[in-house]
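The residues making up each chain are set out below.
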Amino acid sequence: MPKLRVVPLGAGQDVGRSCILISMGGKNIMLDCGMHMGYSDDRRFPDFSYISGGGPLNGFLDCVIISHFHLDHCGALPHMSEIVGYDGPIYMTYPTKAIVPVLLEDYRKVQTEFRGDTNFFTSQHIKQCMKKVIAVNLQEIVHVDNELTIQAFYAGHVLGAAMFLVTNGSESVLYTGDFNMTPDRHLGAAHVYPGLKPNLLITETTYATTIRDSKRARERDFLKKVHETVLDGGKVLIPVFALGRAQELCILLESYWERLDLKYPIYFSPGLAEKATKYYRLFINWTNEKIKKTFVERNMFDFKHIKPFDMTFADSKSPMVLFSTPGMLHGGQSLRVFKKWCTDPKNMIIMPGYCVAGTVGAKVINGMKKIEIDQRIYEINLRVEYMSFSAHADAKGIMQLIKDVEPKNVMFVHGEDQKMEFLKQKVEKESNLKVYKPANGETISIDTEPEIFVDIPENLLSKSISLDPTPSKRFCPFQACVVMEKQSKKFEIISAEEAAQHMGVQLHSVTFSEIIDVEEINWTKIAKKLRKYDPELQMKTDGIDLFNSEILLTNVDGESRQIEIIWDESRESWLSLLTEEITRKPVKVLNI
């Protein structure tokens, strides 16, 4: 029996460094190629030596698929393709292809120019890597080769994020990447064809045990706390990633400031708004319906109250709000500003999304009052608020996707072990599905039932339909032979007659007969009754030939009121119908 093998090189019982290797029907596919924001050594990248033993990956991988532009899903791509070595195709959506090189270059600058990392990929590596990328449209079926296909579906989450259906022959895997089942202010909800029934659904479980409260309540709470802090003379730091939650919260604050005519300055990291406007204008068809309808009249991303931030503003005594990258405080401007503001109890930091264990953001969320950053201890006196505006599906959304897709097996990645285990038990109990949650480097093997697709000749289909005597044609017996061609190993459906001819043998058939009593034998009248069942029936001097001689009606020697019905085994179900039709007396019409 065929086997589907999956091993996570990253994101196995962990969030970060997403990289899943699947083997199906002799094909090897890498799903995502991310980095781990909690590490600054070799552990930040997946262990690619698992695939090739330390050498280049050519010959070991058939393709690489990137679900979206977040660095924990694409941050190791130049390292994998240019330093380890891979020259094959890399697939991602058009928005992802546009944004990935920008974020990779920003990441490279942080690592090399601010942290002094010399063992890192270069700008040239990024350019060479992106030359191998093939962009795909949503729902487009892309043929990687003659057998392997991929198909992208809208995932919500961030601009360009996609789920990917990978199919090889009769085996299929649906990989969600990161997805969101709830529409927000600028993106729609994830959408995939219902009833796909893949052999395996690989789904993220970032919020495996969370069912979020009302979105409106969260937004009101966010606005209230921001407003109260600036009224009290404090500063509000909101760490975000360049694209995604930044736009969602900027739209929210912009409309609130406009409505109340507030004058407190709101800033964002330099280039953030320009990038957002550029990409959202270019890929407007990826946003929700409201954004599409109003984009011509008013660009929702041209903010009136939100201005670019200069690092000198960080030392100002005046209240302000700052959206700053990156979102997990693992480096960059957000961490530099945090170090300046964290000691003042008037200030506040709002963490709007998930933070990987080991990052400064995760330590802040966990309530640590003293944090070591760059070999210095910082007192954390500012207010800390964790408000989940993260565009990940919660437990309810994950369960809904499983219900919609109807997979045969489920695998959890991109989550914490204990939370995965809780949801695993719930899914297995309610959906009666086998759920896997392998750790990094752990291989799971799933038996898949082979499915064979063959073309059926039209004449055999017509014959099958004709064998059912009922008008509904719901129970059509199908009789044929399956032949496999030795060299191509392709299957073909042929008739029993053709099979006998191929094998050089004589075809035998079994016939049955029954004698019925009638009031008179008038072959013309009987043929008139039966012609509605077989318009091509043949009348003979001593009987009637139906369905190309599969049923014969004939005289019984020496009997003037008996007819013999002879039929072959395929027409067994017709006997009672024909008998009733032949012996039924005509209805007399009375003239009154």
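Residues numbered from 1 in each chain as written. Predicted model: local features only at pLDDT ≥ 70, side-chain atom pairs only at ≥ 80, totals over all residues. Heavy atoms only, no water.

**Q** Can you explain the nonpolar core? Please cite residues and give values.
**A** Counting residues in hydrophobic clusters, the biggest one holds 158 residues, and the most contacted among them are Ile-22, Met-30, Ile-202, Phe-222 and Phe-338. Setting aside anything within four residues of it in sequence, one finds Met-30 in contact with Cys-19, Ile-20, Leu-21, Phe-48, Ile-51, Leu-57, Leu-61, Cys-63, Val-64, Ile-65 and Met-80. Counting residues in hydrophobic clusters, the runner-up holds 19 residues, among them Ile-526, Leu-537, Ile-544 and Leu-553. (Core = buried A, V, L, I, M, F, W, Y, C linked by side-chain atoms within 4.5 Å. Buried < 20%, exposed > 50% of the residue type's maximum accessible area, 1.4 Å probe, protein only. Contact = heavy atoms within 4.5 Å.)

**Q** Describe unusual backbone geometry, naming the residues involved and giving the relevant values.
**A** It is generally the case that most residues other than glycine have a negative phi and that most peptide bonds are trans. The residue after Thr-325, namely Pro-326, is reached through a cis peptide bond having omega 0°. Within the element layout of this structure, Pro-326 appears in the loop between strand 15 (320-324) and helix 10 (332-341). Look at Asp-374: it is not a glycine, yet its phi comes out positive at around 50°. Here Asp-374 shows up in the loop between strand 17 (370-373) and strand 18 (376-379). (Helix = DSSP H or I, 4+ residues; strand = E, 2+ residues; numbered from the N terminus.)

**Q** Tell me about the pattern of salt bridges, residues and numbers included.
**A** Across all of its chains, the model carries 28 salt bridges by this definition. In this structure, Arg-44 and Asp-117 form a salt bridge, with 2.7 Å as the shortest nitrogen-oxygen distance. A residue pair is termed long-range when its members are at least 10 positions apart, and Arg-44 in the loop between strand 3 (27-31) and helix 1 (49-52) and Asp-117 in the loop between helix 4 (94-114) and helix 5 (123-130) qualify at 73 residues. You can call Arg-44 buried: its relative accessible area is 5%. When its relative accessible area of 17% is taken as the criterion, Asp-117 is described as buried. A cluster of three or more residues bridged by salt bridges with shared partners is formed by Asp-221, Lys-225, Arg-383 and Glu-385. (Salt bridge = Lys/Arg side-chain N within 4 Å of Asp/Glu carboxyl O.)

**Q** Describe the sheet that holds strand 26 (residues 538-540), listing the residues and the values that go with them.
**A** One open sheet holds the 5 strands; their spatial order is 25-29-28-27-26, and the pairing between them is antiparallel. Single-partner strands in this sheet number two, and they are strand 25 (511-517) and strand 26. Neighbour-to-neighbour, the strand axes of the sheet open up by a mean angle of 20°, direction not taken into account. Here strand 26 pairs with strand 27 (residues 543-546) via 3 bridges, running antiparallel. (Pairing = 2+ DSSP bridges. Axes fitted to C-alpha atoms, helices over the stretch in contact; angles between N-to-C directions.)

**Q** Hey, could you go over the packing of aromatic side chains for me, with residue numbers and the actual values?
**A** Within this structure, the stated rule accounts for 13 aromatic pairs. Note on Phe-512 and Trp-567: the rings are 6.0 Å apart at their centroids and 25° apart in plane angle, and the pair reads as stacked. One end of the pair, Phe-512, is in strand 25; the other, Trp-567, is in strand 29 (residues 559-568), and 55 residues separate them in sequence. Judged by its relative accessible area of 5%, Trp-567 is buried. Chaining the aromatic ring pairs together yields one cluster made of Phe-45, Tyr-107, Phe-120 and Phe-121. Between the NZ or CZ atom of Lys-434 and the centre of the ring of Tyr-436, over which it lies, the distance is 5.5 Å. Over the ring of Phe-547 we find Arg-571, and its NZ or CZ is 3.9 Å from the ring centre. (Phe/Tyr/Trp six-rings, centres within 6.5 Å; stacked < 30°, edge-to-face > 60°. Lys NZ or Arg CZ within 6 Å of the ring centre and 35° of its normal.)

**Q** Which residues make up the sheet that holds strand 13 (residues 266-268), and what values go with them?
**A** Read across the sheet, 6 strands follow the order 14-13-15-12-16-19 without closing on themselves; strand pairing throughout is parallel. Every other strand in the sheet has two partners, leaving strand 14 (306-308) and strand 19 (383-386) as the edge strands with one partner each. Strand after strand, the sheet turns through a mean of 25° between neighbouring axes, direction not considered. Inspection of the sheet shows strand 13 paired to strand 15 by 3 bridges, in the parallel sense. Note on strand 15: the bridge partner recorded for Tyr-267 is Leu-322. Packing of helix 10 onto the sheet brings it into contact with strand 12 (235-239), strand 15 and strand 16 (348-351), and relative to strand 12 it is tilted by some 150°.

**Q** Explain the packing of helix 16 (residues 523-530) against helix 17 (residues 575-583) to me, and be specific about the residues and the numbers.
**A** It is the contact of helix 16 with helix 17, at a shortest axis distance of 10 Å, that shows an interaxial angle of 130°. In this view, helix 16 runs oblique relative to helix 17, as classed from their interaxial angle. The chirality of how helix 16 crosses helix 17 is right-handed. Seen from helix 16, the contacting residues are Ile-526, Lys-529 and Leu-530; seen from helix 17, they are Leu-578, Glu-581 and Ile-582. Residue classes in the contact of helix 16 with helix 17 are distributed as 4 nonpolar, no polar and 2 charged. (Parallel < 35°, antiparallel > 145°, perpendicular 65-115°, else oblique. Left-handed = near helix turned anticlockwise from the far one by under 90°. Nonpolar A, V, L, I, M, F, W, Y, C, P; charged D, E, K, R; others polar.)

**Q** I'd like a rundown of a nonpolar patch on the surface, residues and numbers included.
**A** On the surface, a cluster of nonpolar side chains totalling about 390 Å² of accessible area is made up of Ile-452, Val-482, Met-484 and Phe-491. Counting through the fold element by element, Met-484 comes out in strand 23 (residues 481-484). (Patch = residues over 30% accessible without salt bridge, like charges linked within 9 Å, V, L, I, M, F, W, Y side chains within 5 Å. Areas by Shrake-Rupley, 256 points an atom, 1.4 Å probe, with all protein chains shown as cover.)

**Q** Which residues make up the packing of helix 3 (residues 77-85) against helix 5, and what are the values?
**A** It is the contact of helix 3 with helix 5, at a shortest axis distance of 9 Å, that shows an interaxial angle of 90°. Taken together, the axis directions place helix 3 and helix 5 in an arrangement best described as roughly perpendicular. Taking contact as the criterion, the partners of Leu-77, Pro-78, Ser-81, Glu-82 and Ile-83 in helix 3 are, on helix 5, His-125, Ile-126, Gln-128 and Cys-129. Residue composition of the contact of helix 3 with helix 5, by class: 5 nonpolar, 3 polar and 1 charged.

**Q** Please provide a residue-by-residue account of the pairing of strand 10 (residues 171-175), values included.
**A** A large share of strand 10 lies buried, amounting to 5 of its 5 residues. Here strand 10 shows no split at all, with Glu-171, Val-173 and Tyr-175 on one side and Ser-172 and Leu-174 on the other all buried. Bridging between strand 9 (residues 162-168) and strand 10 involves 5 bridges; their strand directions are antiparallel. Within strand 10, the position partnered with Asn-168 by the bridge is Glu-171. Linking strand 9 back to strand 10 in an antiparallel pair, the connection comprises 2 residues, with Gly-169 at a positive phi of about 65°. Strand direction decides the pairing type here: strand 10 and strand 11 (residues 200-204), joined by 3 bridges, are parallel.

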